[in-house]
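Single-letter residue listing:
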Amino acid sequence: MPVLKNKEEWAFLTGEERLDDWIRYHYGLDLVSVEPVGGVLKLETDQGFFVLKRVRMREKDRWEQIARLADFLSRQKGLSFTMPKPVPTKRKKISFDGYRYPYVLLPWLEGETPQLNKAEEWRQLSWEMASFHLATAGFETRRMPDPWNRIGKWGDWWLQVYKEMEIFHLAARWTSVPTELDEIWRKVSHYSLGLMKNLLKYSGKTELDRLSLETAKYGNISHGRWHRRNLLIQPDGNFAFIDWNEMVADVRAADLADWLLYAYGRTQSPEVIKTILSGYQEASELTNADYALIYARLLFPGQLVRHLRNVYLNDKKPGDFTVRLVHQAILTEQKKTNLLKCYAQLVRNHFHASIPEIDWIHKKEDPLPEGGDRFRENDNGWEEDSFFNDPYS
């Protein structure tokens, strides 16, 4: 979209008729122009460029923790990456309430999005991830609210997800006017519930919560959305990590599993999986506990759960975009089988580590039940769009 330079255009875009007044009142900035960029608004002001990001429902407390982490990292010397720190209002608040939504203001960071078409890029970004995790090791997580503190609590979290999925299954089954999304969910709900049940058993038998507590000393914050559009190569060659609103207190295996899933989805290459794990360990060696946690996290249907929650818990109308996201999440689950086989083999043969495996996953050719094969990958099926829930998320 073009740069917008008058109040009427700003109001039409955001629904905030007094956007310039809010920015002036809370930050003492005079607004010059507004430009939609990648799900946020780039604001040009009399004092430079900033990012305006919508704060989602029940997310204000999380942004307080994000600001606390940014402050913690800013005091460390020699880091090769930047984390943007929320700009406080005149009253020292992290966010402010507009007419329609709450918002947070962040500094605008210049940089290029990595293309990820070379092995060296995957290696370097994996090294940077390890550096980030190590830098968070001393961060105090006990102040993190329970919903966002998952260290040593994977079992409880997954049990809650399983119960929610049972409710989603009943909602789709018993509705008198099923939507297209209800029909899609009905086809895969039994498999997804069975997967979660097996994952809960695996968690108990392998004592994942204990392993999680063991590995927290190597890093205790998970970015939550580690993919190319949230990584910037800055003009000085250092990296910036952006889009922190999925941040939780969790062990490094969480980010690594997401990164492996994303990488395999883009490339279908076992070599990239090896590159990522090797690159990460150039900065921080992984343990048997880490490998087991990554394996378990790869099994967890995280993208599918996120999109189902948006519809069935957050009452988001399941439009075409949401249906497409669920299609892509189901496709992700379908392709995980090969990734899990590849990962387990690499861990055994290349990294000489031992992890417990779930036999039926490695024997199964197609994890979707009958009817699931109608979902086909489109040209962008594995791109970052599958991570976004709405244009200003």
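Above: the structure in question.
Quick look at the structure, then.

Calculation notes
- Residues numbered from 1 in each chain as written.
- Predicted model: local features only at pLDDT ≥ 70, side-chain atom pairs only at ≥ 80, totals over all residues.
- Heavy atoms only, no water.
- Helix = DSSP H or I, 4+ residues; strand = E, 2+ residues; numbered from the N terminus.
- Rg over C-alpha atoms; globule rule 2.2 N^0.38 Å.
- Areas by Shrake-Rupley, 256 points an atom, 1.4 Å probe, with all protein chains shown as cover.
- Pairing = 2+ DSSP bridges.
- Buried < 20%, exposed > 50% of the residue type's maximum accessible area, 1.4 Å probe, protein only.
- Arc of directions from axis to C-beta.
- Contact = heavy atoms within 4.5 Å.
- Axes fitted to C-alpha atoms, helices over the stretch in contact; angles between N-to-C directions.
- Expected span 1.5 Å × (residues − 1).
- Polar contact = N/O pair within 3.5 Å; in protein donor to acceptor, adjacent residues only side chain to side chain.
- Phe/Tyr/Trp six-rings, centres within 6.5 Å; stacked < 30°, edge-to-face > 60°.
- Lys NZ or Arg CZ within 6 Å of the ring centre and 35° of its normal.

## Observations regarding the overall build of the chain
Right, on to step 1. Scanning the chain from terminus to terminus reveals 13 helices and 8 strands.
Right, on to step 2. On C-alpha atoms alone, the chain measures out to a radius of gyration of 21 Å, which is about the 21 Å that the 2.2 N^0.38 rule sets for 393 residues.
Right, on to step 3. Projected onto its principal axes, the C-alpha coordinates of the chain cover approximately 60 × 55 × 40 Å.
Right, on to step 4. Summed over all atoms, the accessible surface of the chain reaches about 17900 Å², with 50% contributed by carbon and sulfur.

## Structural notes on the sheet that holds strand E4 (residues 81-82)
Right, on to step 1. One open sheet holds the 3 strands; their spatial order is E4-E8-E7, and the pairing between them is mixed. Only two strands of the sheet have a single partner each, and these edge strands are E4 and strand E7 (231-233).

## Points about helix H2 (residues 19-27)
Right, on to step 1. Among all positions of H2, only Leu 19, Asp 20, Trp 22, Ile 23, His 26 and Tyr 27 are buried. An end-on view of H2 places all buried positions within 160° of arc, on one side of the element.
Right, on to step 2. Next to the buried residues of H2 lie helix H1 (7-14), strand E1 (31-37), strand E2 (40-45), strand E3 (48-54), strand E5 (95-97) and strand E6 (102-107).
Right, on to step 3. Remark: Gly 28 follows H2 within two positions and exhibits a positive phi of approximately 70°.

## Some details on the sheet that holds E2
Right, on to step 1. Ordered by their spatial adjacency, 5 strands build an open sheet running E1-E2-E3-E6-E5, and the pairing between neighbours is antiparallel. Across the chains shown, the open sheet's two edge strands, defined by having one partner strand only, are E1 and E5. Pairs of neighbouring strands in the sheet enclose a mean axial angle of 30°, with direction left out of account.
Right, on to step 2. Packed onto the sheet, H1 meets E1, E2 and E6 and runs at close to 35° relative to E1.

## Structural notes on unusual backbone geometry
Right, on to step 1. Backbone geometry at Lys 92 places phi at a positive 65°, although glycine is not the residue there.
Right, on to step 2. Position of Lys 92 relative to the elements: it lies in the loop between E4 and E5.
Right, on to step 3. Of note, the phi angle at Gln 268 is positive, near 55°, even though the residue is not glycine.
Right, on to step 4. Here Gln 268 is to be found in the loop between helix H8 (252-267) and helix H9 (270-281).

## So, H9
Right, on to step 1. Spanning 12 residues, H9 covers 17 Å between terminal C-alpha atoms, matching the ideal 16 Å at 1.5 Å per step.
Right, on to step 2. When we look at burial in H9, the residues that qualify are Val 272, Ile 273, Thr 275, Ile 276, Leu 277, Gly 279 and Tyr 280.
Right, on to step 3. Lining the buried residues of H9 we find helix H4 (119-135), H8 and helix H12 (320-349).
Right, on to step 4. For H9, the N-terminal cap is Ser 269; the gap from its side-chain oxygen to the backbone nitrogen of Glu 271 is 3.2 Å.

## Digging into the pairing of E1
Right, on to step 1. Two strands pair when backbone bridges link them, and E1 and E2 are joined in this way by 6 bridges, in the antiparallel orientation. Bridge assignment links Ser 33 to a residue of E2, and that residue is Glu 44.
Right, on to step 2. Taking the residues between adjacent antiparallel strands as the criterion, E1 and E2 are bridged by 2 residues, where Gly 38 takes a positive phi near 55°.

## Here we look at the packing of aromatic side chains
By convention here, two paired aromatic rings are described through the distance between centres and the angle between planes.
Right, on to step 1. Considering all chains together, one arrives at 20 aromatic pairs under this definition.
Right, on to step 2. Judged by centre distance (5.0 Å) and plane angle (45°), the ring pair of Trp 122 and Trp 259 falls under tilted. Separated by 137 residues along the polypeptide, Trp 122 in helix H4 and Trp 259 in helix H8 bring together distant segments of the chain. Accessibility classification places Trp 122 together with Trp 259 in one group, the buried group.
Right, on to step 3. A ring pair is formed by Trp 157 and Trp 158, whose centres lie 6.2 Å apart and whose planes are at 35°; its orientation type is tilted. Like Trp 157, the residue Trp 158 is buried in the burial classification.
Right, on to step 4. Each member of the aromatic cluster is reached from another via a ring pair, and the members are Phe 81, Trp 122, Phe 132, Trp 226, Phe 241, Trp 244, Trp 259 and Tyr 262.
Right, on to step 5. Sitting above the plane of the Trp 22 ring, Arg 18 keeps its charged end 5.4 Å from the centroid.
Right, on to step 6. Lying across the ring of Trp 157, Arg 150 places its NZ or CZ 3.9 Å from the centre.

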